[in-house]
Amino acid sequence: MSATKNFGTILRELRKLRELTQDDLALRTDRSVDAVSQWERGLNWPNFETLVRLGKALDVPVRVFFQEGDLTQSEQRAMLEIQAGVILSGLNDGDLQVAVEQLRALAKRTQSAS
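The rules behind the values
- Residues numbered from 1 in each chain as written.
- Predicted model: local features only at pLDDT ≥ 70, side-chain atom pairs only at ≥ 80, totals over all residues.
- Heavy atoms only, no water.
- Salt bridge = Lys/Arg side-chain N within 4 Å of Asp/Glu carboxyl O.
- Helix = DSSP H or I, 4+ residues; strand = E, 2+ residues; numbered from the N terminus.
- Buried < 20%, exposed > 50% of the residue type's maximum accessible area, 1.4 Å probe, protein only.
- Axes fitted to C-alpha atoms, helices over the stretch in contact; angles between N-to-C directions.
- Parallel < 35°, antiparallel > 145°, perpendicular 65-115°, else oblique.
- Left-handed = near helix turned anticlockwise from the far one by under 90°.
- Contact = heavy atoms within 4.5 Å.
- Nonpolar A, V, L, I, M, F, W, Y, C, P; charged D, E, K, R; others polar.
- Phe/Tyr/Trp six-rings, centres within 6.5 Å; stacked < 30°, edge-to-face > 60°.

## Section: the pattern of salt bridges
Argument step 1. Tallied over the full model, the rule gives four salt bridges.
Argument step 2. For the salt bridge of Glu40 with Arg15, the shortest nitrogen-to-oxygen distance reads 2.4 Å. Residue Glu40 is found in helix H3 (residues 33-40), and its partner Arg15 is found in helix H1 (residues 3-17); the two are separated by 25 residues along the sequence. Assigned by exposure class, Glu40 and Arg15 land together as buried.
Argument step 3. Put simply, Glu49 and Arg31 hold a salt bridge, and the shortest N to O gap is 3.9 Å. Of this pair, Glu49 sits in helix H4 (residues 48-58) while Arg31 sits in the loop between helix H2 (22-29) and H3; the two residues are 18 residues apart in sequence, bridging distant segments of the chain.

In structure tokens:
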């Protein structure tokens, strides 16, 4: 996969993970929807300033956009942690409490199995 296609795929996945539309991302980065669409399709690259804005808008370090090929275990874990954080941040207080209790139970079970 070409570098621009890979970048576009990562950008699209992060945007969807954050439940943002292309319009939302364009507004958060002060860029056009057409530009976001071209980046996601791998037709164009954003400049460095825009990469920084994309990172801030999606709450990820800029280096995430340049992952090539298969992710290492630590990179996979980092992506899972980002996903978990996004999911948890969208919960109301009651559901968040339930999720935390479930995570504690899972962690306890995992620790006792090792």
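## Some words on the packing of H2 against H3
Argument step 1. Axis separation between H2 and H3 bottoms out at 8 Å; the angle between their running directions is 110°. Overall, the two elements H2 and H3 adopt an arrangement that is roughly perpendicular. Between H2 and H3 the crossing geometry is right-handed. Side by side, H2 and H3 meet where Gln22, Asp23, Leu25 and Ala26 of the first sit next to Val33, Val36, Ser37 and Glu40 of the second.
Argument step 2. Its residues assigned to classes, the contact of H2 with H3 comprises four nonpolar, two polar and two charged.

## What to know about the packing of aromatic side chains
Two aromatic rings, taken as a pair, are described by how far apart their centres are and by the angle between their planes.
Argument step 1. Following the criterion strictly, the structure yields two aromatic pairs and no others.
Argument step 2. Seen from their ring centres, Phe7 and Trp45 are 5.4 Å apart, and the 35° between their planes marks the pair as tilted. Here the residue Phe7 occupies a position in helix H1, and Trp45 occupies one in the loop between H3 and H4, the gap between them amounting to 38 residues.
Argument step 3. Site record: aromatic cluster; members linked through ring pairs are Phe7, Trp45 and Phe65.

## Quick word on unusual backbone geometry
Argument step 1. Phi is positive for Glu19, which is not a glycine, with a value near 55°.
Argument step 2. Mapped onto the secondary structure, Glu19 falls in the loop between H1 and H2.
Argument step 3. Even without a glycine there, the phi angle at Asp59 is positive, about 55°.
Argument step 4. Mapping Asp59 onto the fold places it in the loop between H4 and helix H5 (73-89).

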